[in-house]
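Each chain is listed here by its residues.
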Amino acid sequence: MFDRVRFVLVAPSHPGNIGAAARAMKTMGFRRLAIVNPRLADYRDHPDAVARATGGADVLAASESCSTLAQALVGVSTAFAMTGYDRQFGPPMIDVRSAALQTAQTLNSRGDGDIAFVFGTERDGLLNEDVERCQFCCAIPASAEFSSLNLAQAVQVAAYECQLAFRGGADIQPEQTRFADDEAPASVDALEGLYSHLEQAMVAIGYLDPAEPKRLMARLRRLFNRARPTQTELDVLRGISAAIIESRSERAGRKKVR
């Protein structure tokens, strides 16, 4: 289970924080670290990163560098956006202990799909568009007077809660979801494909104006994050979208012309 959890840092500004996060992960038994759009491309060899990684230098060296969050989430079935507050069009909010328990339940009951904990920049956290790519918002309960955690501290807390749940130190109940053993929720990258297809379909029928999209796609993301559709359900929706973009008769006519 430990190998199926990813910790994703989006646009971290200081290499030292990446190294400290690697150390925090390794102390809890995790090794999969992904860095999205790092400020310094050679962060793995930066003296501050190496120094703060200490015994986690191997995690730092093996970290994956990604140009986009979508790339970092390929193969992920559930992503938790680590943010201290709810977003207007964001996914449902849960606390970090509940997220860890859900992670343990999911990985115990299903053999495919990874889990990701996604962290934003040190100064501003995650952008709304990054949060909307995730299936849950996840908060670490802290003091109302001062609730700001260092990036590596936040990684440490999330990693600790996960390993506690994995090792049976938390109350893990059998997963209660609508998914059968052979019907898992669709992956994050599959959902991104659906959103792109739906957007094309809505433009085709004049429902979505690309020049003024407003928050329509954000609302749809929130809807599907609540619904957690399966891959089969996504295939149905993409089939409908394809028929909207080009009807069967139009496709048949195009093939005949060829």
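Presented here is an overview of the structure given in this document.

Thresholds, definitions, all that
The numbering scheme is per chain: residues are counted from 1 as the chain's sequence reads. Since the coordinates come from a predicted model, pLDDT governs what is reported: local features require at least 70, and pairs of side-chain atoms require 80 or more to be given and counted, while whole-chain, interface and lining totals use all residues. To obtain the side-chain values, all non-hydrogen atoms of the structure were used and water was disregarded. Helix and strand definitions here come from DSSP, where helices need a minimum of 4 consecutive H or I residues and strands a minimum of 2 consecutive E residues; each element is numbered from the N-terminal end. The buried label goes to any residue with under 20% of its type's maximum accessible area, the exposed label to any with over 50%, and the partly exposed label to all in between, with areas taken from a 1.4 Å probe on protein chains only. We count Lys and Arg on the positive side and Asp and Glu on the negative side, and we leave His and both chain ends out. The term salt bridge refers to a side-chain nitrogen of Lys or Arg lying within 4 Å of a carboxyl oxygen of Asp or Glu. Any two residues having at least one pair of non-hydrogen atoms within 4.5 Å are treated as being in contact.

Considerations on the side chain of arginine 4
One can find arginine 4 in the segment before β1 (5-10). Put simply, arginine 4 is tucked away with no salt bridge, and the nearest opposite charge, on aspartate 114, sits 4.1 Å away. With residues near it in sequence (within four places) discarded, arginine 4 still touches Arg32, Leu107, Arg110, Gly111, Asp112, Gly113, Asp114 and Ile115.

Description of the pattern of salt bridges
Two side chains bearing opposite charge may form a pair once their charged atoms approach each other closely. Tallied over the full model, the rule gives eight salt bridges. Of the charged contacts in the structure, one is a salt bridge between glutamate 192 and arginine 133, with a shortest N-O distance of 2.7 Å. Of this pair, glutamate 192 sits in helix α8 (residues 188-204) while arginine 133 sits in the loop between α6 (128-131) and β7 (136-139), placing them 59 residues apart in sequence. Assessed through its relative accessible area of 16%, glutamate 192 is described here as buried. Assessed through its relative accessible area of 24%, arginine 133 is described here as partly exposed. Glutamate 192 is paired through a salt bridge with arginine 221; the nearest N and O atoms lie 2.8 Å apart. You can see glutamate 192 sitting in helix α8 and its partner arginine 221 sitting in helix α9 (residues 216-227), a full 29 residues away along the chain. Of the two residues examined, glutamate 192 and arginine 221, each falls in the buried class. Overlapping salt bridges bring together Arg6, Arg32 and Asp114 as one network.

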